[in-house]
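Summary of the model geometry
Each chain is listed here by its residues.
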Amino acid sequence: MRRPAQAALLLSIVALAPAATAPTPLYAPGTYRVDNLATRAHFHVKALVGGYEGDFVAPEGAVVIDPAQPDRATVDIVFPVEKLTTGDASIDAMLKGDSFFDMAKFPTIRFMAQNAPLARSDAPTPIAGELTMHGQTRPVTLSVRLVGTPPDEAPDLSTMHFSGAMTVERSQFGMGFGRPFVSDKVDLSVDAIFSRAQL
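For the structure given in this document, a descriptive report is provided here. (Residues numbered from 1 in each chain as written. Predicted model: local features only at pLDDT ≥ 70, side-chain atom pairs only at ≥ 80, totals over all residues. Heavy atoms only, no water.)

1. Observations concerning the environment of serine 158
Quick note on the threshold: Secondary structure elements are defined from DSSP: runs of H or I of at least 4 residues count as helices, runs of E of at least 2 residues count as strands, and each element is numbered from the N terminus.
Looking at the secondary structure, you find serine 158 in the loop between β8 (136-148) and β9 (159-169). Here the alpha-carbon distance between serine 158 and tyrosine 27, two residues 131 residues apart in the chain, equals 8.5 Å.

So this is what it looks like as structure tokens:
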């Protein structure tokens, strides 16, 4: 009789034990708008003598985390070519001209990703998306790492800081001018801050 009694006691303990709670999502669901003053994408391309580098700044867009999929996000960020800056006005004008970005026809650069995994701080997270540049859209992979979140945040506001990197071949976007004296490969590094929109 002792074994049935022990079994009944065990079953009663299991029934009274609280159900296992789901793991806390990495980020709260919601719309995280890009900080267009703090966010920039830095580019560097090698040349026969030296190289070229500069920044895309003043982006618009957001990262959206759906409550139904708290471990995934939609990303849509747009950089205006007009805001491209190298620190040299003549180089800026050349890059914005029809030999390269052709700003008059294609005024923006856009990165989009759907069902993107949420980046963590312990290791880079590959995010597959699409880059649209010079009127051409190509698949790319952005390697992203969570840099951090501020320790003291206002209620209903969450801010996240990310770094990212990828390499693109400009000829795939119809910008092969200057090869082989200027490399086809362009290294991009992103420093981005997003703040969750207050409800």
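2. Some details on the pattern of salt bridges
Quick reminder of the rule: By salt bridge we mean one thing: a side-chain nitrogen of Lys or Arg within 4 Å of a carboxyl oxygen of Asp or Glu. With a 1.4 Å probe rolled over the protein chains alone, any residue whose accessible area is under 20% of its type maximum counts as buried; one over 50% counts as exposed, and the rest are partly exposed.
Counted under the stated rule, the structure contains 3 salt bridges. Between aspartate 76 and arginine 110 there is a salt bridge, with the nearest N and O atoms lying 2.7 Å from each other. With aspartate 76 in strand β5 (residues 72-80) and arginine 110 in strand β6 (residues 108-117), this pair connects stretches of sequence that are 34 residues apart. Given the relative accessible area of 22%, aspartate 76 is considered partly exposed. The partner of arginine 179 in a salt bridge is aspartate 184, and the shortest N-O contact between them spans 3.8 Å. Of the residues examined, arginine 179 reaches a relative accessible area of 46% and is grouped as partly exposed.

3. Some points on a nonpolar patch on the surface
The condition is simple: Patch membership needs two things, relative accessible area over 30% and no salt bridge, and members are linked within 9 Å if like-charged or within 5 Å if nonpolar (Val, Leu, Ile, Met, Phe, Trp, Tyr). Where accessible areas are quoted, they stem from the Shrake-Rupley method and a 1.4 Å probe; at the residue level, only the protein chains shown are allowed to cover.
Taken together, Leu48, Val49 and Phe181 make up a surface patch of nonpolar side chains, about 390 Å² in accessible area. Tracing the backbone through its elements, the reader meets leucine 48 in the loop between β2 (40-46) and β3 (51-57). Among the residues examined, leucine 48 registers a relative accessible area of 68% and is labelled exposed.

4. Concerning unusual backbone geometry
With an omega dihedral of 0°, the bond running from arginine 179 to proline 180 counts as a cis peptide bond. Phi is positive for aspartate 102, close to 50°, though the residue is something other than glycine. Within the secondary structure layout, aspartate 102 lies in the loop between α2 (89-96) and β6. Using a relative accessible area of 11% as the deciding quantity, one classes aspartate 102 as buried. One non-glycine residue with positive phi stands out, namely asparagine 115, at about 55°. Among the structural elements, asparagine 115 can be located in strand β6. Residue asparagine 115 is classed as partly exposed on the basis of its relative accessible area, which comes to 44%.

5. Brief notes about α2
Heads up, the condition is: Each C-beta atom gives one direction from the helix axis, and the arc is the one those directions make. Whether two residues are in contact is decided by their heavy atoms: any pair within 4.5 Å suffices.
Here α2 has its buried residues at Asp92, Leu95 and Lys96. Along the axis of α2, the buried residues cluster in a sector spanning 95°; they form a single face. Those residues of α2 that are buried lie in contact with β2.

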